[in-house]
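Structural overview for review
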Amino acid sequence: MTDPVAAACAGHGLAIHEDGRLAFGFTDAGFPAAALKLLFPGRPLLFLKQVHADLIISDSEWHAGVEADGLLLESPGVVAVVQTADCLPLFFFSARRRRGGVVHIGWRGLLQGIEARLVERLGDELADFSFYMGPAIESACYEVGEELPELFAKRPYAKGIFKLIPGGRYAMDLRAGVRRSLTGLGVAPSRIRDSGLCTYCSGGRFPSYRRDGKTGRRIFNFLQLKQQGSDAGA
Ligand SMILES: [Zn+2]
């Protein structure tokens, strides 16, 4: 008998980290949502209507069609899903607190301070959390106009995330912006890990809005908490 998950995933790939506490990862270009569902049988996938704003909700606040750019899971059983194609998926997790989630951060989200909203939301528990930056467009591939450095001029981390390039344009380092802002807000640098993966120059491994335009293709970035002492096979 053909394994339905293997059949649905045929020709596609995903990166997944899984242990007794959580499962998280991301898919590559063209990975079907149906296959994602099969990966988590019986677990609702909590998608967000992402609007490039700064709202992060918890799973208890979630409803279908909810407009938000980050999801904080406080209980096992459901899967947080954030879709990206150049923007940064920021995963976060605390083994001690058994909470975690994913946030979608593009330049608009960063400008509005969604990473600061996350830090506020984690509150006193911040030191228990680890962060992981998934695939996103890297500085060398991310050319922006002069209006962006102007918009970010007052941000404490802004210095160094824009580099002037020929033609009066700038290269923007989105992940450096997120990293510097998080460390400025009290996250220990050793708590932030980076996939180092660029969507734009991935040779087609990942969808890239900048490279491909509006194809509708997205990376599915997912995170699920496990029930303590069980749920290991999900
Ligand atoms: Zn690149």
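Definitions and limits used
Residues numbered from 1 in each chain as written. Predicted model: local features only at pLDDT ≥ 70, side-chain atom pairs only at ≥ 80, totals over all residues. Heavy atoms only, no water. Helix = DSSP H or I, 4+ residues; strand = E, 2+ residues; numbered from the N terminus. Rg over C-alpha atoms; globule rule 2.2 N^0.38 Å. Buried < 20%, exposed > 50% of the residue type's maximum accessible area, 1.4 Å probe, protein only. Contact = heavy atoms within 4.5 Å. Areas by Shrake-Rupley, 256 points an atom, 1.4 Å probe, with all protein chains shown as cover. Lys, Arg positive; Asp, Glu negative; His and termini not counted. Charge placed at Lys NZ, Arg CZ, Asp CG, Glu CD. Polar contact = N/O pair within 3.5 Å; in protein donor to acceptor, adjacent residues only side chain to side chain. Donors = N, O, S within 2.8 Å, 3.2 Å for Na, K, Ca; no water. Tetrahedral: all angles 85-135°; square planar, octahedral: opposite > 155°, others 65-115°. Salt bridge = Lys/Arg side-chain N within 4 Å of Asp/Glu carboxyl O. Disulfide = S-S within 2.5 Å. Pairing = 2+ DSSP bridges.

1. Examining the overall build of the protein
Looking only at helices and strands, the protein features seven helices and 14 strands. For the protein, whose C-alpha radius of gyration is 18 Å, the value lies close to the compact-globule estimate of 17 Å for 234 residues. Expressed as lengths along the three principal axes of its C-alpha atoms, the size of the protein is roughly 60 × 40 × 30 Å. Here the protein holds 234 residues, and 47% of them are scored as buried. When contacts within the protein are restricted to residue pairs at least 6 apart in sequence, those whose partners lie at least 24 apart make up 66%. In the form shown here, the protein has an accessible surface area of approximately 10800 Å², with 51% of it arising from carbon and sulfur atoms. Measuring between centres, the 28 positive side-chain charges of the protein sit 2 Å from its 25 negative side-chain charges.

2. Brief notes about the side chain of Asn-221
Relative to the helices and strands, Asn-221 is located in strand 14 (residues 219-225). Its relative accessible area of 0% is what places Asn-221 among the buried residues. A distance of 2.9 Å separates a polar atom in the side chain of Asn-221 from a polar atom in the side chain of Thr-84. Dropping the residues within four chain positions of it, Asn-221 is found in contact with Gly-25, Phe-26, Ala-80, Val-81, Val-82, Gln-83, Thr-84, Pro-89, Phe-91, Val-102 and Pro-135.

3. Focus: the coordination of the zinc ion
Of the protein atoms, only Glu-138 (OE), Cys-141 (SG), Cys-198 (SG) and Cys-201 (SG) coordinate the zinc ion, at distances of 2.2 to 2.3 Å. One can describe the donor arrangement at the zinc ion as tetrahedral, given that its four donor atoms subtend angles of 88 to 121° at the metal. For the zinc ion, the donor residues sit on a single chain with the sequence spacing E-x2-C-x56-C-x2-C.

4. Topic: unusual backbone geometry
Its identity as a non-glycine residue notwithstanding, Asp-86 has a phi of 115°, on the positive side. Relative to the helices and strands, Asp-86 resides in the loop between strand 6 (79-84) and strand 7 (88-94). For Arg-98, which is not a glycine, the phi torsion comes out positive at approximately 55°. By the secondary structure assignment, Arg-98 is in the loop between strand 7 and strand 8 (99-105).

5. Topic: the pattern of salt bridges
Per the stated rule, a full pass over the model turns up 15 salt bridges. Taking the shortest distance from any N to any O, the salt bridge between Arg-97 and Glu-125 comes out at 4.0 Å. On the criterion of sequence distance, the pair formed by Arg-97 in the loop between strand 7 and strand 8 and Glu-125 in the loop between helix 4 (114-122) and strand 9 (130-133) is long-range, its members being 28 residues apart. In this structure, a network of salt bridges that share partners links the residues Glu-74, Arg-96, Arg-97, Arg-99, Glu-125 and Asp-128.

6. A closer look at the state of the cysteines
Counted under the stated rule, the structure contains zero disulfides. Between Cys-87, a free cysteine, and Cys-198, which holds the nearest cysteine sulfur, the sulfur-to-sulfur gap is 13 Å.

7. Details of the sheet that holds strand 11 (residues 162-165)
Taken in spatial order, the three strands make up an open sheet running 10-12-11, and their pairing is antiparallel. At either margin of the open sheet sits one strand with a lone partner, and together these are strand 10 (143-144) and strand 11. Summarising the sheet, strand 10 and strand 12 (residues 169-172) pair through two bridges and their orientation is antiparallel. When the sheet's bridge partners are listed, Val-144 is paired in strand 12 with Tyr-170.

8. Things to note about the side chain of Ser-208
Relative to the assigned elements, Ser-208 resides in the loop between strand 13 (192-194) and helix 7 (209-212). For Ser-208, a relative accessible area of 2% corresponds to the buried category. Here Asp-86 takes part through its side chain, which lies 2.9 Å from a polar atom of the side chain of Ser-208. Residues in contact with Ser-208, not counting those within four places in the same chain, are Ala-85, Asp-86, Thr-199, Tyr-200 and Gly-213.

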